[in-house]
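# Summary of the model geometry
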Amino acid sequence: MAGSERALCVAIHDVAPATWPLCEKLIDAIGQVAPIPLTLLVVPAYHHRCQGEHHNACFAALRQQMAQGSELALHGYTHLDEGRRPDCSWAYFWRQIYTQGEGEFAGLDVGQARERLGWGLEWFARQGWPVDGFVAPAWLMSEGSWQALQEFPFRYTTSFSRIYLLQQRRSLFAPSLVYSARSGWGSAFSRSGNDAVARILRDAPLLRLGLHPRDANRPSTVLHCQRLLEKLLQRRQAMTKSAFASRWSAAPDDEYLSTKWWAAGKPV
Ligand SMILES: [Zn+2]
């Protein structure tokens, strides 16, 4: 790759006062490996809870994280799928069973998505915090949500396997490594799966590592994540998603194998 080192974006999902003790454990575990900038995916009213016992500690730590170079991104508003009922069994499987009803933007129409994105941006403005990115809970977005997203000044969004530059309408294959917390077996499988994906995609311009608060409850996952991070940092520069979006926007068209997207109102 000309002119730029391969990148690694580490994101912590579902950041909110209610999940803060677990998020903090993950941040500490990462800090033990290296003091890298993180992308913290914040949910303003996680499961309809705006405050909570850990509110002050959470907000103080978020301000400190930003001062140290981390980024906050909007990750839904309530993180609950409250849209219309899934209308086919496959959609039902994804929305209710696989994501356990947390895919907030999976079933919204354009008006509902617009409303929630607006609430999220207002919330960030009230805190006086900058926000560049939106990441849908469970990475699930209905057509209406994609449409509404274009009306707001976000610079990027991500799905499970891609990052999208919203203004330039480009997307790049950049899979996210995540850990399963469903069972001991599933968790072990995701650990070896992450090792394999990291090996196969060793030359990809961007790899993403996504951690969820529940991961902090499993010491073997935390340890694996620390070892994986050590390995990835030997070949990659850690940066926020926003920093990667800036680097990518400024690069010549042929530097990244990205594709033009958004045909007939849908990402491709
Ligand atoms: Zn989430």
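Above this text you will find the structure in question.
Anyway, here's the lowdown on the structure attached to this text. Source: prediction; values computed, not measured.

## Structural notes on the overall build of the protein
When helices and strands are tallied, the protein shows eight helices and 11 strands. For the protein, the proportion of its 268 residues judged to be buried stands at 41%. Residue pairs in contact within the protein that sit at least 24 positions apart in sequence constitute 74% of those at least 6 positions apart.

## Some thoughts on the environment of Gln237
Tracing the chain through its elements places Gln237 in strand β10 (residues 237-238). For Gln237 and Ala7, which are 230 residues apart along the polypeptide, the C-alpha to C-alpha distance reads 4.9 Å. Excluding residues within four positions of it along the chain, Gln237 makes contact with Glu5, Ala7 and Leu8.

## What about helix α1 (residues 20-33)?
In this model α1 runs 20 Å from its N-terminal to its C-terminal C-alpha over 14 residues, within 8% of the 20 Å that 1.5 Å per residue would give. Where α1 is buried, its residues contact β1 (7-15), α2 (55-67), β9 (206-211) and α7 (219-235).

## Focus on the pairing of strand β2 (residues 39-42)
By the alternation rule, side chains of β2 split into Thr39 and Leu41 and Leu40 and Val42, which are all buried. In this structure, β1 lies alongside β2, joined through three bridges in parallel fashion. From the neighbouring strand, Ala11 faces β2, where its bridge partner is Thr39. What joins β1 to β2 is α1, and the crossover it makes is right-handed. One ladder, built from four bridges, connects β2 with strand β3 (residues 71-74); its direction is parallel. Its bridge partner lying in β3, Thr39 is registered against Glu71.

How each quantity is defined
For every chain, the first residue of the written sequence is number 1, and numbering continues from 1 onward in sequence order. Local features are withheld for residues below a pLDDT of 70 in this predicted model, meaning they are given only at 70 or higher, and side-chain atom pairs are given and counted only at 80 or more; totals for whole chains, interfaces and linings count all residues. Segments assigned H or I by DSSP are reported as helices when at least four residues long, segments assigned E as strands when at least two residues long, and all are numbered from the N terminus. Three exposure classes are used, all based on how many other C-beta atoms lie within 10 Å of a residue's own C-beta (placed from the backbone): buried at 20 or more, exposed at 12 or fewer, and partly exposed between those limits. Residue pairs qualify as contacts under a 7 Å threshold applied to their C-beta atoms, which are placed from the backbone. Expected helix span is computed as 1.5 Å times (number of residues minus one). DSSP bridges decide pairing: two strands pair if at least two such bridges lie between them. With the strands aimed away from the viewer, a crossover counts as right-handed if its path from the first strand over the helix to the second runs clockwise.

In short, the description is geometric, and any link to function would need to be established separately.
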